[in-house]
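Okay, here's what each chain looks like letter by letter:
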Amino acid sequence: MKTKDVARCLVLAYPAQGHINPMIQFSKRLAHKGINITLVTALSFWNQTKTNNNNNDNNFLFSPNIHSESISDGYDDGGHLAASSIEIYKDTFWKVGRKTLSDLIRKLMVGNYNNNPVDCVIYDSFMPWALDVAKEFGILGAVFCTQPCAVNNIYFHVHKNLIELPLSESEYSLPGMVKLLAHELPSFLYEYGSYPGYFDIVTGQFSNVHKADWVLANTFYELEQEVIEWLSKIWPLNTIGPCIPSMYLDERLQEDKDYGISIHNQNIDACIKWLNDKPKSSVIYVSFGSMAGPTEKQTEELAYALKISNHYFMWVVRASEQNKLPKGTFMEDSALLEKGLIVTWCPQLQVLTHDAVGCFISHCGWNSTLEALCLGVPMIAMPVWSDQITNAKYVKDVWNMGLKVVVDEVEGVAKRETILDCIKEMMESEKGNEIRENAMKWKNLAKDSVDEGGSSDKNIEEFVSKLAQYAA
Ligand code: UDX
């Protein structure tokens, strides 16, 4: 018989920057509403984060209601980079993760937790086995989707064999979605066989979704209305996004300093100082997120497009990608040095929120897309792989908050002239202004959804009150 009145959730994040970021923000929202949170990811990720940020404790979670724990992915020293392939990493992680998650829940159930054991496991949809573990312990399970509902819907259709692979149609019509050409589907389908490990992960996400008590999606109703309505007929779906730090959504919360955590070193001051003396909306911010990167040839085309554009630019080229930058004297060119800043990582939200930033050349990872949308920054989409391909389609054609560079079919890259045309259109034309205004519309809708009484806020309230009832 339970006697407690505070619910505890174990939040299990997949060990990747683009997955842990939204789950930390969601954890913070729950903690703010009185839920106790145990935030868990693979030890390999915590280790890397602490080493790269010279941080030896877990204070980076910024909330007394949140504490962190870890499970093992089988590669405590190095994570997926230490495995010989993603397939092997996945197989090991699924086995070791399952066991170490069970051990952890057992420890939390009997341990010294002020009579406050775990009531619900909120887990990243990439790890459906976490739901089986939760059910073995007889506790609630909520799947957390880090990607948009449109993409979840596509993967669910593949799982149900409703999309035949390899793709044979030129166009696909899925319920609640705009028609997509084959090459607008996520790369793991369009380039079937390219990454079998990731293919298995993304298409296996919803294999046991019928057992979940909630499906929590990092999106908001107004953004994906039709596909959300469709999925709500078959899943216990609740939209709870956008999961970005509340200080960026609500001016009254500016004091709630939260720069998130990162596995990369970042020099916050240098980036912001560089932006500070640039004119309003004059800088192109360029980033391809934490995992993928353009090819060497594509990097070169982009580098020249930025240089020829003569606009200011801040370009994140991760340490592991720097060898793709043009060789020779390009990097020493004084015109380039005067106009551009190339960094290995930056405080992206602070950069996007800075007045000097005029547009965002982005790979369209879901977090970057939501962040740009919430901060009203128009995008130039240069997707690389995965869900980014579909996200880019929505950015340009559905939400009208960006342009998209076209890839030259013969050369397999977007040529510098094409990128340059997009930059000019966005930074110098009336069409760019229209897109910018539309981005501001999305910014307001995003903010409304998480404000008191907004669509996502209501769903979070409902989730919290059901948890509290269960825990009582
Ligand atoms: C991955 C997938 O690639 C993406 O498609 C999926 O939707 C989520 O998982 P990632 O490629 O890292 O994510 O991109 P994204 O989703 O945009 O997440 C990157 C995060 O890192 C963002 O929150 C962004 O703000 C942050 N970031 C990125 C920084 O803080 N600084 C940087 O310099 C670059």
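Above this text sits the structure in question.
These lines cover the structure that appears in this document, whether it is placed above or below. Numbers given to residues run from 1 along each chain, matching the order in which its sequence is written. Totals for whole chains, interfaces and linings use every residue, but because this is a predicted model, local features are given only for residues with pLDDT of at least 70 and side-chain atom pairs only at 80 or more, for both listing and counting. To obtain the side-chain values, all non-hydrogen atoms of the structure were used and water was disregarded.

It is worth spelling out the sheet that holds strand S15 (residues 402-404) at this point. Reading across the sheet, the 6 strands line up as S12-S11-S10-S13-S14-S15 and stay open at both edges, with parallel pairing between neighbours. Single-partner strands in this sheet number two, and they are strand S12 (340-343) and S15. Here the average twist between neighbouring strands, direction ignored, is 15 degrees. For this analysis, residues touch if any pair of their heavy atoms sits within 4.5 Å. To obtain an axis, a line is fitted to C-alpha atoms, over the contacting stretch when the element is a helix, and the angle between two such axes runs from 0 to 180 degrees between their N-to-C directions. A run of DSSP states H or I qualifies as a helix once it reaches four residues; a run of E qualifies as a strand once it reaches two. Both are numbered from the N-terminal end. Sheet contacts for helix H9 (residues 268-276): strand S10 (283-287), strand S11 (312-316), S12 and strand S13 (357-362); angle to S11, the most-contacted strand, approximately 165 degrees. Sheet strands in contact with helix H10 (residues 296-309) are S10, S11 and S13, and its direction is about 160 degrees off that of S11. Two strands are said to pair when DSSP picks up at least two bridges between them.

For helix H8 (residues 225-234), the full list of buried residues reads Val227, Ile228 and Leu231. For H8, the buried positions fall inside an angular range of 100 degrees around the axis, keeping them on one side. Away from its buried face by more than 90 degrees, H8 exposes Glu226 and Lys233. Contacts made by the buried residues of H8 are with helix H5 (149-159) and strand S9 (237-239). The buried label goes to any residue with under 20% of its type's maximum accessible area, the exposed label to any with over 50%, and the partly exposed label to all in between, with areas taken from a 1.4 Å probe on protein chains only. It is the directions from the helix axis to the C-beta atoms whose arc is reported.

Next up on the list: the packing of aromatic side chains. Where two aromatic rings form a pair, the distance of their centres and the angle of their planes describe that pair. Any two of the Phe, Tyr and Trp rings considered here, Trp counted by its six-membered ring, make a pair once their centres fall within 6.5 Å; the pair's planes then place it as stacked at under 30 degrees, edge-to-face at over 60, or tilted in between. Following the criterion strictly, the structure yields 26 aromatic pairs and no others. Centroid distance Tyr198 to Trp385: 5.3 Å. Interplanar angle 90 degrees. Geometry classified as edge-to-face. Of this pair, Tyr198 sits in helix H7 (residues 196-204) while Trp385 sits in the loop between strand S14 (379-381) and helix H14 (388-398), and the two are 187 residues apart along the sequence. Per residue, the accessibility class of Tyr198 equals that of Trp385, and both read buried.

What follows deals with the pairing of S10. Across the 5 residues of S10, 5 count as buried, placing the element largely inside the fold. Neither face of S10 is open: one carries Val283, Tyr285 and Ser287, the other Ile284 and Val286, and all of them are buried. What joins S10 to S11 is H10, and the crossover it makes is right-handed. For S10 and S13, the ladder comprises 5 bridges, and the chain directions are parallel. Its bridge partner being in S13, Val283 is matched across the sheet by Val357. Orienting the strands away from the viewer, one traces the path from the first strand over the helix to the second; a clockwise path indicates a right-handed crossover.

On to the nonpolar core. In summary, soluble globular proteins display a tendency toward joint burial of nonpolar side chains. Here, nonpolar core refers to any group of buried Ala, Val, Leu, Ile, Met, Phe, Trp, Tyr and Cys residues whose side-chain atoms link them within 4.5 Å. The biggest cluster of nonpolar side chains holds 104 residues, and the ones touching the most others in it are Leu10 and Leu12. By residue number, the principal contributor to this core is helix H3 (residues 86-110), which donates 8 residues. With sequence-adjacent residues up to four places away left out, Leu12 is seen in contact with Met23, Val40, Ile71, Leu101, Ile122, Tyr123, Asp124, Met127, Trp129 and Ala130. Formed by 30 residues, the second largest nonpolar core is a distinct cluster that contains Met23, Leu140, Trp214 and Cys243.

Here the focus is helix H15 (residues 416-428). The span expected for a helix works out to 1.5 Å for each residue beyond the first. The terminal C-alpha atoms of H15, which comprises 13 residues, lie 17 Å apart, in line with the 18 Å expected from a rise of 1.5 Å per residue. What H15 keeps buried is the set Ile419, Leu420, Cys422, Ile423, Met426 and Met427. Looking down the long axis of H15, one finds its buried residues gathered within 160 degrees of arc, a one-sided arrangement. Its buried side turned inward, H15 meets S10, H10, S13, S14, S15 and helix H16 (430-450).

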